[in-house]
Amino acid sequence: MDGILEQQRQGYEDIERLEQAIVDLMLQNLTKHRYRLVREQKINSLLDQIQARSKLLIDMEADSTGLRQREIDGMVEKGFDGFYERLASIHSYHRQHPDAVVNPPEMEYIKYKNNPEEIEEKRRKLVLKAKESGVEQNPELAVIESESLQMETFLTAEDDEKLDTMFSGEERFGRYVDLNEQYELYLNLKDVKHTSYLDYLVEFSRFEAYPRKKKNQQKYVEYLQSLREYFEGFFLRAMPLFNVPKTHREAEEEFAQKWQKGEVAGWQDDSTDSSSGQSLFCAACKKQFEKDTTFAAHINSRKHKKTVARLQDEQKNGEGSADAVLERALDEKLEQDKETAWLEHIVRTYALVLADKISDTKANVERRQALTEAERNQEIDEEEPEFAEDDDDKDDQIYNPLNLPLGWDGKPIPYWLYKLHGLGVKFTCEICGNAVHRGRKAYEKHFQESRHATNMRRLGIPNTRQFHGVSSIEEALSLWERIQKEKKQEVANSDTFEEFEDSEGNVFNKKTYFDLKRQGLI
């Protein structure tokens, strides 16, 4: 039997392998909703195993029995002799059992690396290949016998059977909610507006619309409990990784604050003051009435008077004050109201979390109402569709080994056109952030585009024709500096370059001409 320290080591190793299995599952790119749902359930199961092993390790670290410390003390006392004793016992065991099968621990978790969709695709291609090669009879069996696609995945036959029985037909493997049973309970409540199932999906969480005086019915409480149990069960089945305890805790804190402030929807009159809204409640008989006439008739009835007389007799005999009994009855009534309000609040919270699925359910119900019975049955029998976005991704995977540019139709352009335009030559523009342009035409065109002009202005250089073809920042700055020097020289030499002629036909430069003219010599 392994010691405490060895059990701890195995526990930590198991936790690491479980964490790696979760990572392998999350990295798989699955497209089918069915596979994604099974994956989430597997991850939830692995997380439970991690928690169980972690709790066991914490108990071992606490060492309440003292066995761990005694084992450590024994190892210190024996030193290497104890180590060689254990090693000898291991050798002895394997000599006695030479044919013992050893299953490496990692083999248990290797199945989590295999993507079931990829294996299905490989099998499908091999079956088609077997059919094309002339295997007429049972090509699938020929494929299984001829290749090693017997890899195990996280999806097992038990998972398929469990998934088929886990959801109703309306839920479609957790895509939608099925509130038909709760809808029937709602219709059996007193004085409710009979609505269609579609309207019920929109209005079922608006509990403030239901009359306050009728919320003390037992059927209404059972209806709320049914909604709560369904949503909590739906989370476990369709969203196993959803943190239900955290949502429940946050909703409980929010409800406590609102109840204390009297802000719970539909209970504003009775949440802050126990005496308000209790005018139709008989504390002696612990009974709630809906109308003033029935309440007045009850007060004058024999039964009520007998109950009041009995309470007064108990007070005289010292069995308790009648006022205390009435106050206790009011407290019980308030506590019952609080429990009903809490059920409404938690159901409303769950409905907000599942708002998208409820909206999808409504759209699905409307769509199915337009189908015939044969179309509905056909839809149930069909294989579940893959996600649309993933289908698009698969369609976009075009065979393009030469990495040719895509044309207007989304397909690679012909190779001759690629060579004609010189798209194999790449030009880099440092001014545009080392942007790469394929072909001389695109490279020449980009000098007139706004991106290049903006980057030139950031360098303090105008994007003129003189800088066309200059892509290096250093070259552009050097050219701009040279242009500025030339402009300054032109301004300085303008006096000597311009020539003027006087009335006698003598030619002077600009400076000499104006000097002589100012002196009156010309």
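The rules we used
Residues numbered from 1 in each chain as written. Predicted model: local features only at pLDDT ≥ 70, side-chain atom pairs only at ≥ 80, totals over all residues. Heavy atoms only, no water. Helix = DSSP H or I, 4+ residues; strand = E, 2+ residues; numbered from the N terminus. Buried < 20%, exposed > 50% of the residue type's maximum accessible area, 1.4 Å probe, protein only. Contact = heavy atoms within 4.5 Å. Areas by Shrake-Rupley, 256 points an atom, 1.4 Å probe, with all protein chains shown as cover. pLDDT = per-residue confidence, 0-100. Salt bridge = Lys/Arg side-chain N within 4 Å of Asp/Glu carboxyl O. Axes fitted to C-alpha atoms, helices over the stretch in contact; angles between N-to-C directions. Parallel < 35°, antiparallel > 145°, perpendicular 65-115°, else oblique. Nonpolar A, V, L, I, M, F, W, Y, C, P; charged D, E, K, R; others polar. Pairing = 2+ DSSP bridges. Patch = residues over 30% accessible without salt bridge, like charges linked within 9 Å, V, L, I, M, F, W, Y side chains within 5 Å. Phe/Tyr/Trp six-rings, centres within 6.5 Å; stacked < 30°, edge-to-face > 60°. Disulfide = S-S within 2.5 Å.

Peer 1: Can you break down the overall build of the chain residue by residue, with the values?
Peer 2: Across its full length, the chain carries 23 helices and six strands. Split into buried and exposed, the 522 residues of the chain put 33% on the buried side. Counting only contacts in the chain whose residues sit at least 6 apart along the sequence, the fraction spanning at least 24 positions is 55%. In the structure as shown, the chain presents an accessible area of about 34900 Å², 50% of it carried by carbon and sulfur atoms.

Peer 1: Give a description of the environment of Gln 69 that names residues and reports values.
Peer 2: By secondary structure assignment, the location of Gln 69 is in helix α3 (residues 67–78). We classify Gln 69 as partly exposed; its relative accessible area is 40%. Residues Gln 69 and Ile 4, 65 residues apart in the sequence, show an inter-C-alpha distance of 9.3 Å.

Peer 1: Tell me about the confidence of the model for the chain, residues and numbers included.
Peer 2: Per-residue pLDDT for the chain has a mean of 79; in total, 79% of the residues score no lower than 70. In this model, residues 141–149 is a region of pLDDT below 50 whose contacts with residues beyond four sequence positions or in other chains number 10 contacts.

Peer 1: Just give me the short version of the pattern of salt bridges, but keep the residues and values in it.
Peer 2: For the coordinates displayed, the defined rule picks out 15 salt bridges. Its salt-bridge partner being Glu 6, residue Arg 9 comes within 2.8 Å of it at the nearest N-O pair. With a gap of three residues between them, Arg 9 and Glu 6 both fall in helix α1 (residues 4–27), about one helical turn apart. Assessed through its relative accessible area of 29%, Glu 6 is described here as partly exposed. A salt bridge links Glu 171 to Arg 237, with the shortest nitrogen-to-oxygen separation between them at 3.0 Å. Separated by 66 residues along the polypeptide, Glu 171 in the loop between α8 (157–166) and α9 (180–187) and Arg 237 in helix α11 (residues 218–238) bring together distant segments of the chain. Each member of the pair, Glu 171 together with Arg 237, is buried. Through salt bridges with shared partners, a single network forms among Glu 6, Arg 9, Glu 13 and Arg 17.

Peer 1: Describe the packing of α1 against α3, listing the residues and the values that go with them.
Peer 2: α3 packs onto α1 with a crossing angle of 110 degrees between their chain directions and a minimal axis gap of 9 Å. Looking at the two axes, α1 sits roughly perpendicular to α3. Facing Ile 4, Leu 5 and Gln 8 of α1, the residues of α3 in contact are Leu 67, Arg 68, Glu 71, Ile 72 and Met 75. Each residue belonging to the contact of α1 with α3 can be placed in one class, and the counts come to five nonpolar, one polar and two charged.

Peer 1: So what's going on with the pairing of strand β4 (residues 435–438)? Which residues, and what values?
Peer 2: Every second residue of β4 is oriented toward a common face, the buried set being Ala 435 and His 437 and the non-buried set Val 436 and Arg 438. Inspection of the sheet shows strand β3 (residues 426–429) paired to β4 by four bridges, in the antiparallel sense. Paired with Lys 426 across the strands is Arg 438, a residue of β4. Counted between consecutive antiparallel strands, the loop separating β3 from β4 contains five residues, among which Gly 433 sits at a positive phi close to 80 degrees.

Peer 1: Describe a nonpolar patch on the surface, with residues and values.
Peer 2: Judged by side-chain polarity, Phe 80, Phe 83, Tyr 84 and Leu 87 come together as a nonpolar surface patch covering roughly 440 Å² of accessible area. In this fold, Tyr 84 is placed in helix α4 (residues 80–96).

Peer 1: I'd like a rundown of the packing of aromatic side chains, residues and numbers included.
Peer 2: Considering all chains together, one arrives at 21 aromatic pairs under this definition. Taking the centre distance of 5.3 Å and the plane angle of 55 degrees together, the rings of Tyr 183 and Tyr 200 count as tilted. Of this pair, Tyr 183 sits in helix α9 while Tyr 200 sits in helix α10 (residues 197–203), placing them 17 residues apart in sequence. A relative accessible area of 2% places Tyr 200 in the buried class. An angle of 40 degrees between the planes, with centres 6.4 Å apart, marks the rings of Tyr 220 and Tyr 223 as tilted. Of this pair, Tyr 220 and Tyr 223 are both found in helix α11, three residues apart, which corresponds to roughly one turn of the helix.

Peer 1: Mind laying out the state of the cysteines, listing which residues take part and the relevant values?
Peer 2: For the structure shown, the criterion picks out zero disulfides. Of the cysteine sulfurs around Cys 429, a residue in no disulfide, the closest is that of Cys 432, at 3.6 Å.

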